[in-house]
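The primary structure of each chain is shown beneath.
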Amino acid sequence: MSSIQDESIGETPSPQGTGPFLSRVAAVIRSGAVFLLLIALVIGFTAAQPAFININNLMSILQAVSVVAILGAGVTVTLAVGGFDLSIGAVAASSVMTASYAMIVLGLDAFATVPLVLAFGALIGLINAFVIVRLKVPDLLATLSMMFLLSGLQLIPTAGRSISAGLILPDGSTAPGVYDPRFLLIGRYSIAGTVPVAVVLMILVALVLYILTERTRIGRLLFATGGNEVATRLAGASTTRLKTLAYVISGTLASLGGIIVAARVGRGDVSSGGSLLMDAVAASLIGFTVMGLRRPNALGTIVGAVFVGVLLNGLTMLNAPYYTQDFVKGAVLAGALALTYGLGRTNP
């Protein structure tokens, strides 16, 4: 008998099934890491501040994260095809300015402004796709260039000024239009006095993208493109069209987020898209950890955005210093990813 076998004779055998049991526990923690952390946060914040669990506060959290969640969903689709869209924050900010310019300067109403802004976002996505797919520019460089281009372009029509009623145009005249009250309902109205329209839009976006990416052939091809583009192309799918679709969806969702922001603040603020990019990326990355999928998924992105929103709202209610919030967000993101990927490793 070998020495290893001899040594094993004197060992106390572990209870039958311990190994599989621990594996199952690890799998549960891995798949539900974000949900477990979210539940812990809600319980902790409620214990420290009972007003946290109030329905109005919860709806306020969802309304606050709706734009980030929608933009994050756009990032998720581009991640699915192996790309990345750095321009979403700039597209959202430009959409805020476009909507404001359409109503304040051009005098358009809500029914003309909303399709115009969504078409603007789709056009930006189409341009990104053309540069990436046809001109073969790396996605990070192409969308970074678009981000800078839009950041400057949105300032030109008004000479760098925010857009609001009574705006003085560069030629010295006064803009004749005002914000359409029906447009403002998108960002300010609550159904039955409880559920904000922005939250409903966020849920609809999540459901539509979930069905598209998880329950249709197009969705399977999107992930196949990101996993192995050459094999997907050899299988007969048009990876060019799939990538174009992904970036058009991303641009359109970014414009939808800009519409919500514009309707909420009622003016075209030149700094409105400042933090949207990083928050949206954080939400989409946290989404990787939901249900242990370890890949882009729309519902996971929404959960990630809500997770960050709960965290920041709770810290605010506890009067935590504002300068600690980014640190806490980073620490929680690292922890969630570590739980998902670390527990998923197998020992050699």
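In this text the structure is predicted, and so the values were computed from the model without any measurement.

Draft legend 1. Here's a closer look at helix H4 (residues 88–104). The end-to-end C-alpha separation of H4 is 24 Å, in line with the 24 Å expected for 17 residues at 1.5 Å each. Burial analysis of H4 places 15 of its 17 residues in the buried class, the great majority of the element.

Draft legend 2. Structural view of the pattern of salt bridges. Counted according to the given criterion, the structure contains five salt bridges. With its nearest N and O atoms 3.6 Å apart, the salt bridge here joins Arg233 to Glu229. Placement of the pair is Arg233 and Glu229 together in helix H10 (residues 229–234), with a separation of four residues, close to one helical turn. In this structure Arg233 comes out as partly exposed when scored by relative accessible area, which is 43%. Note that Lys243 is salt-bridged to Glu229, the shortest N-O span being 3.1 Å. Remark: Glu229 occurs in helix H10 and Lys243 occurs in helix H11 (residues 239–265); sequence separation between them is 14 residues. The class for Glu229 is partly exposed, based on a relative accessible area of 29%. One continuous salt-bridge network, built from bridges that share partners, spans Glu229, Arg233 and Lys243.

Draft legend 3. Quick look at the packing of aromatic side chains. Under the counting rule described, the total for this entry stands at three aromatic pairs. Residues Phe45 and Phe52 carry aromatic rings whose centres are separated by 5.4 Å and whose planes lie at 50° to one another, so their mutual orientation is tilted. Like Phe52, Phe45 is buried. Between Tyr179 and Phe183, the aromatic rings sit 5.8 Å apart at their centres with planes inclined by 55°, giving tilted as the arrangement. The ring of Phe223 carries Arg295 above its face, with NZ or CZ at 4.6 Å from the centroid.

The rules we used
- Residues numbered from 1 in each chain as written.
- Predicted model: local features only at pLDDT ≥ 70, side-chain atom pairs only at ≥ 80, totals over all residues.
- Heavy atoms only, no water.
- Helix = DSSP H or I, 4+ residues; strand = E, 2+ residues; numbered from the N terminus.
- Expected span 1.5 Å × (residues − 1).
- Buried < 20%, exposed > 50% of the residue type's maximum accessible area, 1.4 Å probe, protein only.
- Salt bridge = Lys/Arg side-chain N within 4 Å of Asp/Glu carboxyl O.
- Phe/Tyr/Trp six-rings, centres within 6.5 Å; stacked < 30°, edge-to-face > 60°.
- Lys NZ or Arg CZ within 6 Å of the ring centre and 35° of its normal.

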